[in-house]
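Residue-level listing of the chains:
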Amino acid sequence: MARAASSGVTVLAVTDHDTVAGAAEAAAACADSGLTFVPGIEITAVQAEADVHILGYFIDTQSPSLLAFLTEQRQQRIDRLRLMIGKLATLGITLDADAILQPGLRDGGKAAGRPWIARALVAGGHVATTGEAFDRWLARGRPAFVARIGMPPREVIDRIHDAGGVASLAHPGLVGHDEWIRGFAAAGLDALEAYHSEHDAETTAHYLKMAASLSLAVTGGSDFHADESHGPAHPGVVSLPAADFERLDARRQARLRAASRATASGDATSS
């Protein structure tokens, strides 16, 4: 958080994959660094066997239904990694599955991911870098890849809304399926992540125009992972203009007001 503040960031969200376990610590660190903290999440949905990452902002990190759903998501991640480790074994690469998965088994808040296997491959001398691990073994189409089982984007969007958040399609330029976006918008998607560290100026302009055409807000961020092999070297390399953040917050407030009216109407009907 100190690095983000020194880079000029003023508002920051932590959007870990399928877990909010770091939210409380992140909020405290943001307060210490003078940053405004936005509680967030990145949930992996699946459509046509492709991963679709949905960002949730302004969520209630203590929502019981969200926490139960995320627990299921993390278990599916562990199951998937076991299958991938098993595939590697059939290809002559034996790894200690229990050791690799131990952090996720020990701490229910940690979300297991392919980088765990990639680091084990490096440690075992099977590849030189985690990037090579993905290129040779773990990426889609490679020998040890296992497709993810997950909820469709529509249901993930609903889960984020149920937790009081707004839902944004992460890095749509990397998803590569613009033809899906109109359907996501019809399902309640609130925004597109137009600003991203792997979007060039042309791609950013494309998604800004698409968001406007579909009456969606926009989001943005560096997608910083503090991992030299994944993502930019510094937080704040890409950020969201303040005016767009204000529009996103206004959308959140409008959604909350609509939910409150619906609840009030339901209470009146039942009484």
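Details of the structure are given in the entry above.
Residues numbered from 1 in each chain as written. Predicted model: local features only at pLDDT ≥ 70, side-chain atom pairs only at ≥ 80, totals over all residues. Heavy atoms only, no water.

J.: For this particular structure, what's the right way to read the overall build of the chain?
T.: When you go through the chain residue by residue, the secondary structure sums to eleven helices and six strands. Taken over the C-alpha trace, the chain has a radius of gyration of 19 Å; the compact-globule value for 271 residues is 18 Å, and the two agree within 12%. Taking the principal axes of its C-alpha atoms as reference, the chain extends roughly 65 × 45 × 40 Å. For the chain, the proportion of its 271 residues judged to be buried stands at 44%. For the chain, restricting intrachain contacts to residue pairs at least 6 apart in sequence, the fraction spanning at least 24 positions comes to 66%. Total accessible area on the chain stands at roughly 13,400 Å², and carbon and sulfur atoms take up 52% of it. Here the chain carries 24 positive and 32 negative side-chain charges, and the mean point of each set is 3 Å from the other. (Helix = DSSP H or I, 4+ residues; strand = E, 2+ residues; numbered from the N terminus. Rg over C-alpha atoms; globule rule 2.2 N^0.38 Å. Buried < 20%, exposed > 50% of the residue type's maximum accessible area, 1.4 Å probe, protein only. Contact = heavy atoms within 4.5 Å. Areas by Shrake-Rupley, 256 points an atom, 1.4 Å probe, with all protein chains shown as cover. Lys, Arg positive; Asp, Glu negative; His and termini not counted. Charge placed at Lys NZ, Arg CZ, Asp CG, Glu CD.)

J.: How should the packing of aromatic side chains be read in this particular structure?
T.: The way to describe two aromatic rings as a pair is by their centre distance and the angle between their planes. For the structure on display, the rule yields two aromatic pairs. When the ring of phenylalanine 58 is compared with that of phenylalanine 245, the centres are 6.0 Å apart and the planes differ by 40°; the resulting orientation is tilted. Pair noted here: phenylalanine 58 is in the loop between strand S3 (50-57) and helix H3 (64-90) and phenylalanine 245 is in helix H11 (residues 242-270), with a separation of 187 residues, a long-range link. By relative accessible area, phenylalanine 245 is classed as partly exposed at 22%. For arginine 252, the ring lying beneath its charged end belongs to phenylalanine 58, and the centroid distance is 4.7 Å. (Phe/Tyr/Trp six-rings, centres within 6.5 Å; stacked < 30°, edge-to-face > 60°. Lys NZ or Arg CZ within 6 Å of the ring centre and 35° of its normal.)

J.: What is the right way to look at unusual backbone geometry in this model?
T.: Negative phi is the rule for most residues except glycine; trans is the rule for most peptide bonds. Even without glycine at this site, alanine 48 takes up a positive phi of about 50°. You can see alanine 48 is positioned in the loop between strand S2 (36-47) and S3. One non-glycine residue, glutamate 49, lies in the positive phi region at around 65°. With respect to the secondary-structure elements, glutamate 49 resides in the loop between S2 and S3.

J.: What am I meant to see in empty space enclosed by the protein here?
T.: Over the atoms, a rolling probe the size of a water molecule traces out where space has been left empty. All chains considered together, the criterion is met by one cavity of 30 Å³ or more. When its volume is computed, the largest cavity comes out at roughly 50 Å³. Lining the largest cavity are Asp18, Thr44, Gln73, Gln76, Arg77, Arg80, Arg148 and Ile149. With four residues, the single largest contributor to the lining of the largest cavity is H3. (1 Å grid on protein atoms, 1.4 Å probe; cavity = no way out; pocket = protein on both sides within 12 Å on 5 of 7 lines; lining within 4 Å. Points joined across faces, edges and corners; volume = space filled by probe spheres on them.)

J.: What should I look at first to understand the nonpolar core in this one?
T.: Most often, soluble globular proteins keep nonpolar side chains buried together rather than apart. Membership of the largest hydrophobic core comes to 35 residues, with the highest contact counts inside it found for Ile43, Ile54, Val156, Leu169, Leu189 and Leu192. Elements supplying a minimum of two residues to this core: S2, S3, H3, helix H7 (153-162), strand S4 (166-169), helix H9 (181-186), strand S5 (191-196) and helix H10 (201-213). If we skip the residues at most four places from it in the chain, isoleucine 54 touches Ile41, Glu42, Ile43, Ala45, Pro153, Val156, Ile157, Ile160, Ala167, Ser168 and Leu169. Listed in part, the 22 residues of the second largest apolar core include Leu81, Ala97, Ala112 and Ile117. (Core = buried A, V, L, I, M, F, W, Y, C linked by side-chain atoms within 4.5 Å.)

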